[in-house]
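Coordinate inspection notes
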Amino acid sequence: QVLPTESGGGLVQAGGSLRLSCTFSGRTFSTTAMAWFRHAPEKEREFVAAVSWSGLTTYYADSVSGRFTISRDNAKDTVYLQMNDLKPEDTAVYYCAASEDQNVRGRKWEDYLSWGQGTQVTVSS
């Protein structure tokens with residue numbers, strides 16, 4: 001089974017930026033909605049952002065709205081998460097998820113068909 005593959009995590013100071021990338025070739029990427037989740041130590045896994053197959057419809061968690069931007073390049077089978085004005089509370093393992101639908105159907109982990117191994121993002125204060 002082909003899984004999404006994340007990259008771009010790292011250590012950054014508060015107020016800084018990072019861009020995460022996720023490539024996925026397990027389905028026809030251009031017809032698959034994609035999402036990002038994150039899981040911080042001692043916290044529940046949470047939804048971060050999602051994008052429809054076309055890139056025209058996006059959704060964000062309240063905690064990241066205005067700071068994070070999800071986008072996609074269907075020619076490269078890649079979805080991105082641009083993270084600006086990072087805060088220590090953004091520290092987590094970030095996971096990419098692929099839907100079985102063209103449009104975003106939900107914000108729960110179980111709403112998606114496959115998930116990557118994650119990439120660590122650490123924001124220092």
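Residue positions within a chain follow its written sequence, with the count starting from 1. Since the coordinates come from a predicted model, pLDDT governs what is reported: local features require at least 70, and pairs of side-chain atoms require 80 or more to be given and counted, while whole-chain, interface and lining totals use all residues. For side-chain calculations, the full set of non-hydrogen atoms in the structure is used, while hydrogens and water are omitted.

Points about the sheet that holds strand β8 (residues 78-83)
At least two bridges found by DSSP between two strands is the condition for calling them paired. Secondary structure elements are defined from DSSP: runs of H or I of at least 4 residues count as helices, runs of E of at least 2 residues count as strands, and each element is numbered from the N terminus. Reading across the sheet, the four strands line up as β1-β3-β8-β7 and stay open at both edges, with antiparallel pairing between neighbours. The two strands at the open ends of the sheet, each matched to only one other strand, are β1 (5-7) and β7 (68-73). Neighbour-to-neighbour, the strand axes of this sheet turn through a mean angle of 20°, independent of strand direction. Bridge count for β7 against β8 is six bridges, and the pairing is antiparallel. Each axis is a line fitted through C-alpha atoms, taken for helices only over the stretch in contact, and angles between the N-to-C directions span 0 to 180 degrees.

Observations concerning the pairing of strand β9 (residues 92-98)
Most of β9 is tucked away, with six of its seven residues classed as buried. Two strands pair when backbone bridges link them, and strand β4 (residues 34-39) and β9 are joined in this way by six bridges, in the antiparallel orientation. Across the sheet, residue H39 finds its bridge partner in β9, namely V93. Here two bridges tie β9 to strand β10 (residues 114-115), and the two strands are oriented antiparallel to one another. Within β10, the residue paired with A98 across the bridge is S114. Relative accessible area decides the class of each residue, using a 1.4 Å probe on protein chains only: under 20% of the type maximum gives buried, over 50% gives exposed, and in between gives partly exposed.

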